[in-house]
Amino acid sequence: MGAPIEVYQMNDLYNQSKDGNKVNLTVGAYRTEEGKPWVLPVVKEAEKILIDDESLNHEYLPVLGLDAFSKVATKLALGEESSAIKEERVIGVQCLSGTGSLRMGAEFLARILKLKTAYYSDPTWGNHDMVFTNAGFTSCHSYRFWDSVNKRVDIEGFLEDLESAPSKSVIILHGCAHNPTGMDPTKEQWKQICEVVKRKNLFPFFDMAYQGFASGDPAADGWAVRYFIEQGLEMFIAQSFAKNFGLYNERVGHLTIVLNDPSAIPSFKSQMQLIIRANWSNPPAHGARIVAKVLGDRELYQQWLQAIQTMSSRIREMRAALKANLEKLGTPGTWDHITQQIGMFSYTGLTRDQVLYLVDKYHIFMLTDGRANICGLNTKNVEYVSKAIDDAIR
Ligand code: PLP
């Protein structure tokens, strides 16, 4: 037997629970005020257009994916005015959601460029280590990121660990809405990080699973990536369209590769084709067509912006409500971090024992490191959850 995957294990426990008050703060997926999954209205509209489009069929896509999708995905990550796009030194590869984009990028770096050392944040998304190790990285380490005492980014530790990383190490950076802490470096801190990455000849690999979903503004969420490019850095960017389009099971993702020397593009593409050929041969079309349609159409794009604002503002409201409730109850500790954090997750600071107490006594399910999906909160259950947390801490 392999080790269980905690997030799915907790989600199963939630599904099995018969308790009427049960609350699911586990899997990273958006929920409405009614606690339901949400199909974005603009996605439905795009699907209707696609169904009626007689020119479409189910033939194989090219190995590197749908060109129209790659173009809009690249623009979303780098911005309309990106110098890298204008200078034609960017490659776009359609992959299977964020996970597949990370995996293809990692496999390329390990097998073709022979890079074997990677660093991810402590803590990080539970899959980074496995994806990079399985892709051929033989030396995976963590860099300090979270200061659990002050509940902030440990920027001093982070920079020190980058300083001592060997040249050509791959540094995995969460582009926005850091998972699990929900705490992003400030712009000033990103500038410091970029300076060390550049000076020490490290290779940035941005994991962008939440662009637009985090703040409701894709440009604000893409700030760090764009800043690093302005500073002349080459990079890989793994984009997911699971959260920002609600297309979780369509597995729509994109690997954007920014190079300084465009003459390397043909060989990059040919090697990438071989890697993809040996994995899934060519990607699925439906989700990529939806994203291409929406991001490529002025009116649909506006509707998409409204949808990401709806999601991100509901999350902000729930963060504020949770914090206000805990403060009203006088729950021991400080709760500013709940509203300082961004994106779907809050690293609550609850201990493993406190989480298990919440699971047992209140049927509130979250990860035992204290990560809670704020989307699972709504105006009907936030008071119940706050009181339960208060009890667990006391
Ligand atoms: N990276 C991070 C940091 C994530 O949080 C996630 C999803 O939870 C992913 C990547 C990949 O998600 P997916 O493969 O569903 O796009």
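Because the structure is a prediction, the values reported are computed rather than measured.

To continue, consider the sheet that holds strand 3 (residues 117-122). Reading across the sheet, the 7 strands line up as 2-10-9-8-7-3-4 and stay open at both edges, with mixed pairing between neighbours. Each end of this open sheet is capped by a strand with a single partner; those strands are strand 2 (90-96) and strand 4 (139-144). Put simply, the sheet's adjacent strands are angled 25° from each other on average, direction ignored. In the sheet, strand 8 (residues 203-208) pairs with strand 9 (residues 235-240) via 4 bridges, with the strands oriented parallel. Across the sheet, residue Phe206 finds its bridge partner in strand 9, namely Ile237.

In the numbering adopted here, UniProt assigns the feature "domain: Aminotransferase class I/classII large" (unreviewed entry) to residues 21-389. A helix fraction of 45% and a strand fraction of 15% characterise residues 21-389, whose end C-alpha atoms lie 14 Å from each other.

Neighbouring the ligand are the residues Gly28, Ser97, Gly98, Thr99, Trp125, His174, Asn179, Asp207, Ala209, Ser240, Ala242 and Gly253. Element by element, the count of residues in the shell around the ligand is highest for helix 5 (residues 97-112), at 3 residues. Partitioning the shell around the ligand into residue classes produces 3 nonpolar, 8 polar and 1 charged.

Along strand 10 (residues 252-258), 7 of the 7 residues are buried, which leaves the element largely enclosed by surrounding structure. Residue alternation in strand 10 divides its side chains into two sets, Val252, His254, Thr256 and Val258 and Gly253, Leu255 and Ile257, and both sets are buried. As paired elements, strand 2 and strand 10 share 7 bridges and run antiparallel to each other. What sits directly across from Cys95, in strand 10, is Gly253. Note that strand 9 and strand 10 share 6 bridges and pair antiparallel.

About the criteria used
Residues numbered from 1 in each chain as written. Predicted model: local features only at pLDDT ≥ 70, side-chain atom pairs only at ≥ 80, totals over all residues. Pairing = 2+ DSSP bridges. Helix = DSSP H or I, 4+ residues; strand = E, 2+ residues; numbered from the N terminus. Axes fitted to C-alpha atoms, helices over the stretch in contact; angles between N-to-C directions. UniProt positions renumbered as here; feature names shortened; annotations may be inferred. Near = placed C-beta within 6 Å. Nonpolar A, V, L, I, M, F, W, Y, C, P; charged D, E, K, R; others polar. Buried ≥ 20, exposed ≤ 12 C-beta atoms within 10 Å, placed from the backbone.

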